[in-house]
Amino acid sequence: MTFQALGFRFVVDAADGRVGALLAELYALCRLDVVAADAGTPIHRFVVDGPLGGRVHLALDDEPLLVDADDALLVPTIAWAVNQRAVASVDDAVLVHAGAVATGGRAVLLVGGSGAGKTTLTARLVADGHDYLTDEAVPFDAAAGIVAPYPKPLKLEVGAAPLFPDAVATALGAAAPAPDGSVQVAPAWLRADVATGAARPVLVLAIDHEAGAPTHDEPLSRAAMLVHLAQQSFNLGTLGARGFANLATLAARCACHRLRPGPLDVASARVSALLAQEPTPAPDHRVETIASDASRGDRPRPRGGLVVARLDGEVAILDDAARRAHHLNRSASAVWEACDGTGDAAAIAARLADRFGADPAVVRHDVDEVLGDLAAAGVLVGTD
């Protein structure tokens, strides 16, 4: 049986048939008859010697991964190796660190770093009837406007047993827990008829976990979400401006919210309600790379080489050299747009005060503060 994890295709040869059967369950949604795959992709081979319940050896393409190891390490090591190579295989789409589920071909991305609660919420959404795309990495194809599935097994803590008793019990019955107290859970152990497939993203949620807090969500500006997406991208450093533009397209097409998930039933119901709504895309979004220009002397202007996105009146900036992204709210964005190298701080403040009908002294104070912050961030020059 051959499996496809993003661009990584693999088979498993195991002396103990139980190992092969377990991995076939864990990666059932990654079978080539379930997910689409490119012809000609090389096939990699895991070889497992030794039985479940004993000492095992594991190799990938003749490279040893485990030598005479406790069998509790076998499944998590294979899952880790598959994930590392799957993530590294993506070079034609921007890859976001997120969980994702879909309903009726409409997908929601749950974006956040490790420990944010993506997998737990993804698992609950799958159990509640949504299609499963992934709990780890979401590739977005901006040209096609879709996210592709990576339906790997979900990594849950044994302590999650009260939340998913049947799934965790099945996992514990199939293999010993990993040393870190986690188990790999097949999507079908959460819901027998779970499905997967490419989907159109319509909702992006920035997951902000706070233990014991109630479920709460609030709209997040698209520019702020773009920066969050950039911070949670696996391959933005490689894709650079093209990847940032693709993330801007993702944010522009989706409704964007910040979600603090509390009780899972409440959080799942709220995500489902948001997913049912059709987003209003940004009327216009633009992404440009700032050219270097030293001809304007000491007048404030953007530093050359930055990638700047404009969404709904706000600005997001990718400083690829510094590996940082910045979000400017509407007020700071107005100052940024006025920094075109034609006027000093006083002229910028006067222009903005006239535009907004505001007190010139107050505007000048605010402009000086924003200019100082932008200069300190290294994205503005000519402020001395």
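Structure first, text after, so check above.
Source: prediction; values computed, not measured. (Residues numbered from 1 in each chain as written. Predicted model: local features only at pLDDT ≥ 70, side-chain atom pairs only at ≥ 80, totals over all residues. Heavy atoms only, no water.)

Participant: Just to check I follow, could you spell out the packing of aromatic side chains for this structure?
Facilitator: Aromatic ring pairs are reported here in terms of the distance separating the ring centres and the angle at which the planes meet. Counted by the stated rule, this structure contains 6 aromatic pairs. Geometrically, the ring pair formed by Phe-10 and Phe-46 is edge-to-face, given 5.7 Å between the ring centres and 85° between the ring planes. Residue Phe-10 is found in strand S2 (residues 8–14), and its partner Phe-46 is found in strand S3 (residues 43–49); the two are separated by 36 residues along the sequence. Per residue, the accessibility class of Phe-10 equals that of Phe-46, and both read buried. A connected cluster of aromatic rings, assembled from ring pairs, spans Phe-3, Phe-8, Phe-10, Tyr-27 and Phe-46. (Phe/Tyr/Trp six-rings, centres within 6.5 Å; stacked < 30°, edge-to-face > 60°. Helix = DSSP H or I, 4+ residues; strand = E, 2+ residues; numbered from the N terminus. Buried < 20%, exposed > 50% of the residue type's maximum accessible area, 1.4 Å probe, protein only.)

Participant: For this particular structure, what's the right way to read the layout of surface pockets?
Facilitator: One way to see where empty space is left: roll a probe the size of a water molecule over the atoms. Its boundaries defined by the atoms lining it, the largest pocket holds a volume of some 890 Å³. Gly-115, Thr-119, Asp-135, Lys-155 and Glu-157 are, among the 36 residues lining the largest pocket, the residues nearest its centre. When contributions to the lining of the largest pocket are tallied by element, the ones reaching two or more residues are helix H2 (74–88), helix H3 (118–127), strand S11 (154–157) and strand S12 (182–185). Counting residues per element, the lining of the largest pocket draws most heavily on H2, at 6 residues. Looking at the lining of the largest pocket residue by residue, the class counts come to 14 nonpolar, 14 polar and 8 charged. (1 Å grid on protein atoms, 1.4 Å probe; cavity = no way out; pocket = protein on both sides within 12 Å on 5 of 7 lines; lining within 4 Å. Points joined across faces, edges and corners; volume = space filled by probe spheres on them. Nonpolar A, V, L, I, M, F, W, Y, C, P; charged D, E, K, R; others polar.)

Participant: Could you clarify how one ought to interpret the pattern of salt bridges in this entry?
Facilitator: Opposite charge on two side chains permits pairing when their charged atoms draw close. Throughout the structure, instances matching the rule amount to 20 salt bridges. Asp-319 is paired through a salt bridge with Arg-303; the nearest N and O atoms lie 2.9 Å apart. Of the two residues, Asp-319 sits in strand S19 (residues 314–319) while Arg-303 sits in the loop between strand S17 (301–302) and strand S18 (307–311), which places them 16 residues apart along the sequence. The partly exposed category is assigned to Arg-303, whose relative accessible area is 24%. Of the charged contacts, one joins Arg-323 and Asp-320 as a salt bridge, the two residues approaching to 3.3 Å between their closest N and O atoms. Take Arg-323: its relative accessible area is 58%, and that puts it in the exposed class. Look at the salt bridges and you will find they share partners, linking Arg-106, Arg-200 and Glu-278 into a network. (Salt bridge = Lys/Arg side-chain N within 4 Å of Asp/Glu carboxyl O.)

Participant: Could you clarify how one ought to interpret empty space enclosed by the protein in this entry?
Facilitator: Under the definition given, this model contains 1 cavity of 30 Å³ or more. In this structure, the largest cavity is lined by 15 residues; those nearest its centre are Val-75, Ala-175, Ala-176, Val-183 and Gln-184. For the lining of the largest cavity, the secondary-structure elements that each account for two or more residues are helix H1 (17–26), H2, helix H4 (165–174) and S12. Here the lining of the largest cavity takes 3 residues from S12, the largest share from any one element. Looking at the lining of the largest cavity, its residues break down into 13 nonpolar, 2 polar and no charged.

Participant: For this particular structure, what's the right way to read the sheet that holds strand S1 (residues 3–5)?
Facilitator: The pairing of strands in a sheet happens through backbone hydrogen bonds and is either parallel or antiparallel. If you walk across this open sheet you meet the 5 strands as S1-S2-S3-S4-S5, and the pairing is mixed. At either margin of the open sheet sits one strand with a lone partner, and together these are S1 and strand S5 (63–70). Put simply, the sheet's adjacent strands are angled 25° from each other on average, direction ignored. As paired elements, S1 and S2 share 3 bridges and run antiparallel to each other. From the neighbouring strand, Ala-5 faces S2, where its bridge partner is Phe-8. Across the sheet, H1 is in contact with S1, S2 and S3; its angle to S2 comes to roughly 150°. Contacting S1, S2, S3, strand S4 (55–60) and S5, H2 runs over the sheet at an angle of about 160° to S5. (Pairing = 2+ DSSP bridges. Axes fitted to C-alpha atoms, helices over the stretch in contact; angles between N-to-C directions. Contact = heavy atoms within 4.5 Å.)

Participant: Help me out: how do you make sense of the nonpolar core in this one?
Facilitator: Membership of the largest hydrophobic core comes to 68 residues, with the highest contact counts inside it found for Phe-10, Tyr-27, Phe-46, Val-82, Leu-121, Phe-164 and Leu-205. The biggest single contributor to this core is H2, with 8 residues. Apart from residues no more than four positions distant in its own chain, Phe-164 is found in contact with Thr-120, Ala-123, Arg-124, Leu-156, Leu-190 and Leu-264. (Core = buried A, V, L, I, M, F, W, Y, C linked by side-chain atoms within 4.5 Å.)

Participant: In this structure, what is going on with the sheet that holds strand S20 (residues 324–328)? I would like to understand it.
Facilitator: Across the sheet, 4 strands lie side by side as S16-S18-S19-S20; this open sheet has antiparallel pairing. Both edges of this open sheet fall to strand S16 (285–289) and S20, since each of them pairs with a single strand only. Taking the axes of each pair of neighbouring strands and ignoring which way they run, one obtains an average angle of 15° across the sheet.

Just distances and angles here, no functional claims.
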